[in-house]
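# Residue-level structural notes
Okay, here's what each chain looks like letter by letter:
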Amino acid sequence: MAKITLSLIKADIGSIGGHIKPSSKLIESICSFLKKQAKGVFLDFYVGFTGDDIAILSVHKKGPLNEKVHKICWDAFKKGTEIAKAQGLYGAGQDLLKEAFAGNVKGMGPAVAEIEFEERPAEPFLIFAADKTDPGAFNLPLYLSFADPMNTPGLILSPIIKKGFRFRIIDVSYTKADKIIELEAPEDLYDLAALLRDTERFVIEGIFSRATGEQVVSVSTTRLHNIAGKYVGKDDPVMIVRTQKNFPATGEILASFSIAHYVAGFMRGSHIGPLIPVKKNSPISYFDGPPQVSCLAFCVKRGKLTEPADAFDHPYWEWVRDEAARKAQEIRRQGFFGPAMLPMSELEYTGVVETLNELEKKFKIRKKK
Ligand code: F6R
Ligand code: MG
Ligand code: MG
């Protein structure tokens, strides 16, 4: 059985009423483009949205970073941008940061997560898409899912899962090349924690089974401001997670999102808010957020996808959503003070920095008496 590749590529190419959601016409244009143009390349595909971001999931046999696959998605987003512009959508084409296509879309604006693998007899996997946050938002749920038996009993129950996982982490502040480190759980747990706490700098890019060597997780790690040289929106990430058997169970992965942990990216990409797990195709609302994450579960057989199961569409998650709303209220009560707002280096606008520069001139050093 030849290997298949899952490619999850997402971009914000325009949305209705600010940063709420793409228009139906925009989604339809992408789907009809792919139906024609992806024939013979994609074995199957699925298109959905989370907040203002459109994600294309494709299945193919061409491996990661494949020029044909990436070009089709790039062209679909280009085509969609024409519709977005024609409809006057907000931020039309905003994540397409380069003019000419150069081999693959990595570093051109869209977020990319890809895994190549040999299909298991049953191949369940999850796709996550988050809006109004950045890739570091997945650090905590992935740490809990793959390194903490308090979340994942499979780590003590299954002799294979017990062998642990290898985490590949990227330092996204280094822009000259990819700067990566690999750490293994459970032995390197404290080093792992020391890196993963810094979600704006160290981001999990991939996770591998130590028992079989297989890749289990792939996360997009784009930093849009590193590409554009200035802030052009948050780096709303996507992630693929394979589940069950030798990997954590779907429910263990989902459980790690119960905390609705605080992440960067609320209002103007400059505030902290709880990551609220939402149903598929959910819009954005309160305070341009809260930062949200969707999860669709699939199975794939010989390259053909099932329909998605909406993993956060269950009464349990209504309670988590209530908790997240409460957490959002709590942090919003203190407005721009302290940890409610991001540090200077992460603000999406330059206003505060410019103000400080102006005020710096007015500061006086008090003379010692
Ligand atoms: C992410 C997103 C935000 C915006 C930010 C600034 O999807 O939409 O990060 O980029 O809120 O938006 P503007 O420039 O419209 O104020
Ligand atoms: Mg946006
Ligand atoms: Mg977005």
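Residues take numbers from 1 onward in each chain, read along the sequence in its written order. All chains are assigned letters beginning with A, and all ligands numbers beginning with 1, in the order in which they are written. Confidence filtering applies because this is a predicted model: local features only for residues at pLDDT of at least 70, side-chain atom pairs given and counted only at 80 or more, and all residues used for totals across whole chains, interfaces and linings. For side-chain calculations, the full set of non-hydrogen atoms in the structure is used, while hydrogens and water are omitted.

### Focus: the pattern of salt bridges
Here a salt bridge means any side-chain nitrogen of Lys or Arg lying within 4 Å of a carboxyl oxygen belonging to Asp or Glu. Using the criterion set out here, one finds 21 salt bridges in the structure. When the shortest N-O distance is used, the salt bridge between Lys71 and Asp75 registers 2.9 Å. Of this pair, Lys71 and Asp75 both sit in helix H2 (residues 67-86), four residues apart, which is roughly one turn of that helix. Owing to a relative accessible area of 34%, Lys71 belongs among the partly exposed residues under this scheme. Two residues, Glu123 and Arg120, come together in a salt bridge whose shortest N-O distance is 2.8 Å. Since its relative accessible area comes to 1%, Glu123 is described here as buried. A single salt-bridge network, built from bridges that share partners, covers Arg120, Glu123, Glu214 and Arg242. The secondary structure listing takes helices from DSSP runs of H or I that are at least 4 residues long and strands from runs of E that are at least 2 residues long, numbered from the N terminus. Buried means the residue's accessible area, taken with a 1.4 Å probe over protein chains only, is under 20% of the maximum for its type, while exposed means over 50%, and partly exposed covers the values in between.

### Re the packing of aromatic side chains
When the centres of two rings from Phe, Tyr and Trp lie within 6.5 Å, Trp using its six-membered ring, the rings pair. Their planes under 30 degrees apart give stacked, over 60 give edge-to-face, and anything left gives tilted. Counted according to the given criterion, the structure contains 17 aromatic pairs. Ring geometry for Tyr46 versus Phe298: centroids 5.5 Å apart, planes at 70 degrees, classification edge-to-face. Here the residue Tyr46 occupies a position in strand E2 (residues 44-50), and Phe298 occupies one in strand E14 (residues 292-301), the gap between them amounting to 252 residues. Residue Phe298 is classed as buried on the basis of its relative accessible area, which comes to 4%. Ring geometry for Phe257 against Phe312: centres 6.0 Å apart, planes inclined by 65 degrees, an arrangement best described as edge-to-face.

### Some points on the coordination of the magnesium ion (ligand 3)
In a perfect tetrahedron of four donors around a metal, the angles come out at 109.5 degrees. In a perfect octahedron of six, they are 90 or 180 degrees. Water is absent from the atoms considered, so a metal site may look incomplete; donors are defined as N, O and S atoms within 2.8 Å of the metal, or 3.2 Å for Na, K and Ca. Those protein atoms acting as donors to the magnesium ion (ligand 3) are Asp52 (OD), Asp53 (OD), Asp131 (OD) and Asp236 (OD), and they sit at 2.0 to 2.5 Å. Sequence spacing of the donors to the magnesium ion (ligand 3): D-D-x77-D-x104-D.

### Things to note about the site of ligand 1
One heavy atom within 4 Å of a molecule or strand is enough for the residue carrying it to be called near that molecule or strand. Residues in contact with ligand 1 amount to twelve residues; listed here are only the nearest, His19, Tyr90, Lys132, Asp236 and Tyr349. Think of a polar contact as two N or O atoms within 3.5 Å of one another; within protein, one of them needs to be a possible hydrogen donor and the other a possible acceptor, and neighboring residues in sequence only count if both atoms come from side chains. Within the side chain of Asp131, one N or O atom sits 3.0 Å away from an oxygen atom of ligand 1. Glu348 has a polar side-chain atom sitting 2.9 Å from an oxygen atom of ligand 1. Protein contacts shield 89% of the accessible area of ligand 1, which totals 410 Å² for the unbound molecule. Each domain span listed reflects an automatic or database assignment of domains. Taken domain by domain, the shell around ligand 1 gets at least three of its residues from each of domain 1 (1-118) and domain 2 (119-359). Note that accessible areas follow from Shrake-Rupley with a 1.4 Å probe, and for residues the cover is restricted to the protein chains shown.

### Some points on the domain arrangement of the chain
Here the chain is partitioned into domain 1 (1-118) and domain 2 (119-359). Averaged C-alpha coordinates put domain 1 and domain 2 at centres separated by 20 Å. Of the residues lining the interface, 35 residues belong to domain 1; the matching set on domain 2 comes to 43 residues. Buried area is a sum: the accessible area each of two parts loses on coming together, probed at 1.4 Å, counted once for each and added. Across the domain 1 to domain 2 interface the summed buried area is about 3200 Å²; carbon plus sulfur atoms make up 65%. Throughout, a residue-residue contact means that at least one pair of heavy atoms, one from each residue, lies within 4.5 Å.

### A few points about the sheet that holds strand E3 (residues 53-60)
Here, a strand pair is defined by DSSP locating no fewer than two bridges between the strands. In spatial order, the strands read E2-E3-E1-E4; together these four strands make up an open sheet with antiparallel pairing. Single-partner strands in this sheet number two, and they are E2 and strand E4 (111-117). For this sheet, the mean inter-axis angle between neighbouring strands, taken without regard to orientation, is 10 degrees. Both E2 and E3 contribute to a ladder of seven bridges, which runs antiparallel. Within E3, the residue paired with Phe45 across the bridge is Ser58. Helix-sheet contacts for helix H1 (residues 24-37) involve E2 and E3, and the interaxial angle to E2 is about 165 degrees. Interaxial angle, 0 to 180 degrees, is taken between N-to-C directions of lines fitted to C-alpha atoms, where a helix line uses only the stretch in contact.

### Examining the coordination of the magnesium ion (ligand 2)
Summarising the metal site, the magnesium ion (ligand 2) is bound by the protein donors Asp12 (OD) and Asp52 (OD), whose distances to it range over 2.1 to 2.4 Å. Between the magnesium ion (ligand 2) and the magnesium ion (ligand 3), a separation of 3.3 Å is found, and both are coordinated by Asp52. Remark: Asp52 occurs in the loop between E2 and E3 and Asp12 occurs in the loop between strand E1 (4-11) and H1; sequence separation between them is 40 residues. Pair check on accessibility: Asp12 and Asp52 agree, each one buried.

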